[in-house]
Amino acid sequence: SQKIEQNSEALNIQEGKTATLTCNYTNYSPAYLQWYRQDPGRGPVFLLLIRENEKEKRKERLKVTFDTTLKQSLFHITASQPADSATYLCALDSNAGKSTFGDGTTLTVKP
Amino acid sequence: DTAVSQTPKYLVTQMGNDKSIKCEQNLGHDTMYWYKQDSKKFLKIMFSYNNKELIINETVPNRFSPKSPDKAHLNLHINSLELGDSAVYFCASSQNGQGAGYTFGSGTRLTVV
């Protein structure tokens, strides 16, 4: 069955460091992969989308890589700030337009 | 102006009752969705409508019935509520349903007692 795993439920890092979050999947051939940020009591907010034929995408301090051979996506936040503390979700999409979400990694950036 | 708005934000009700959650988007998107997020934070798709037409209907009990009167609205009606229905329900929308990212509402926390 299809499975999506995000690394460790919680990730704690020091302000200014780079946070790296992992999204691994099995039994899935996604057309594209998305990353979202979710704050407590709020809905997920779309951050980045990367397609199966793209290796890397950047947006300001965010970088996403997508390795379809390893079946893995890495999400990096450089120069992290306490305001980056949130839960980050990856979502895989087939061309059918149906997304499967991971269970998220909660990032805490300490000042 | 809220892009995807859903009401109510909180809903506490007794087992066996029938309740509705409303959702509206002002983004002009073609596709709308209902997701359920359980206590373990998994987001699972329930339904998807494209231009008022049902296109995704996951394994959801028949007690859940979506209604889309127009492409800007997607409501969720739940009959005979059960304790296990307690969760946060998110409405979302996207353009053309693919590759554009989803815009989520702020969620409706449903508690069945």
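All figures in this text were calculated on a predicted structure; none of them were measured in a lab. Along each chain, the written sequence defines residue order, and numbers are assigned to residues from 1. Lettering for chains starts from A, numbering for ligands starts from 1, and both go in the order in which the items are written. With the structure being a predicted model, the display of local features is reserved for residues of pLDDT at least 70 and the display and counting of side-chain atom pairs for 80 or more, all residues being used for whole-chain, interface and lining totals. The basis for the side-chain values is all heavy atoms of the structure; hydrogens and waters are excluded.

*Asks:* For this particular structure, what's the right way to read the confidence of the model for chain A?
*Replies:* Residue-level confidence of the predictor is what pLDDT reports, using numbers from 0 through 100. Of all residues in chain A, 96% have pLDDT values of 70 or greater, and the mean over the chain is 92. For the purposes of this entry, the term helix denotes a DSSP run of H or I that reaches at least four residues, the term strand denotes a run of E that reaches at least two, and both are numbered from the N terminus. Across chain A, element-level confidence peaks in strand E8 (residues 72–77) of chain A with a mean pLDDT of 97 and bottoms out in strand E1 (residues 3–6) of chain A with 88.

*Asks:* Explanation requested: the interface of chain A and chain B in the structure shown.
*Replies:* In many analyses, interface size is given as the accessible surface area lost on bringing the parts together. Contact residues are listed per partner, giving 21 residues for chain A and 21 residues for chain B. Once two parts are joined, some of their accessible surface, as seen by a 1.4 Å probe, is lost; buried area is that loss totalled over both. Where chain A abuts chain B, roughly 1600 Å² becomes buried across the two surfaces, and 52% of that area is made up of carbon and sulfur atoms. Should a side-chain nitrogen of Lys or Arg be within 4 Å of a carboxyl oxygen of Asp or Glu, the pair is scored as a salt bridge. Linking chain A with chain B are zero salt bridges, by the criterion used here. Polar contact is the term for a pair of N or O atoms within 3.5 Å; when the atoms are in protein, one must be able to donate a hydrogen and the other to accept it, and sequence-neighboring residues count only if both atoms are side-chain atoms. The interface formed by chain A and chain B holds four residue pairs in polar contact (both at pLDDT 80 or more) in total. Mapped by element, the contributors of at least two residues to the side of chain A that touches chain B are strand E4 (32–38), strand E5 (45–51), strand E9 (86–93) and strand E10 (99–101) of chain A. Top element by residues in the side of chain A that touches chain B is E4(A). It accounts for four residues. Looking at the side of chain A that touches chain B, its residues break down into eight nonpolar, eight polar and five charged. When checking whether two residues touch, look at their non-hydrogen atoms; a contact exists if any pair is within 4.5 Å. For this classification, Asp, Glu, Lys and Arg are treated as charged, while Ala, Val, Leu, Ile, Met, Phe, Trp, Tyr, Cys and Pro are nonpolar and the rest, including Gly, are polar.

*Asks:* Teacher, can you tell me more about the side chain of Ser93(B) here?
*Replies:* Residues and elements named next belong to chain B. Among the structural elements, Ser93 can be located in strand E9 (residues 87–94). What makes Ser93 buried here is its relative accessible area of 0%. Of the polar contacts made by the side chain of Ser93, one reaches the side chain of His29; its length is 2.7 Å. Buried residues are those whose accessible area, probed at 1.4 Å on protein chains only, stays under 20% of the maximum for their type, while exposed residues exceed 50% and partly exposed ones sit between those limits.

*Asks:* So what exactly am I meant to see when it comes to the sheet that holds strand E3 (residues 19–25) of chain B here?
*Replies:* Hydrogen bonds between backbone atoms are what pair the strands of a sheet, whose relative direction is either parallel or antiparallel. Residues and elements named next belong to chain B. Strand order in the open sheet formed by four strands is E1-E3-E8-E7, with antiparallel pairing between adjacent strands. Looking at which strands have only one partner, the edges of the open sheet turn out to be strand E1 (4–7) and strand E7 (64–70). Neighbour-to-neighbour, the strand axes of the sheet open up by a mean angle of 15 degrees, direction not taken into account. Two strands pair when backbone bridges link them, and E1 and E3 are joined in this way by four bridges, in the antiparallel orientation. Each residue of the ladder has a partner; that of Thr7, found in E3, is Lys22. In this scheme, strands are said to pair when DSSP sees at least two bridges between them. Each axis is a line fitted through C-alpha atoms, taken for helices only over the stretch in contact, and angles between the N-to-C directions span 0 to 180 degrees.

*Asks:* Is there a simple way to think about the nonpolar core in this case?
*Replies:* When a protein is soluble and globular, its nonpolar side chains tend to lie buried together. In this description, a nonpolar core means a group of buried Ala, Val, Leu, Ile, Met, Phe, Trp, Tyr and Cys residues linked to one another through side-chain atoms lying within 4.5 Å. If you look at the biggest cluster of nonpolar residues, it comprises 24 residues, and the most contacted ones within it are Leu33(A), Trp35(A), Phe75(A), Tyr88(A) and Leu107(A). Mapped onto this core, the elements with two or more residues apiece are strand E2 (10–14), strand E3 (19–26), E4, E5, strand E7 (62–67), E8, E9 and strand E11 (105–110) of chain A. If you look at the next biggest cluster of nonpolar residues, it comprises 20 residues, including Val4(B), Met32(B), Trp34(B) and Val60(B).

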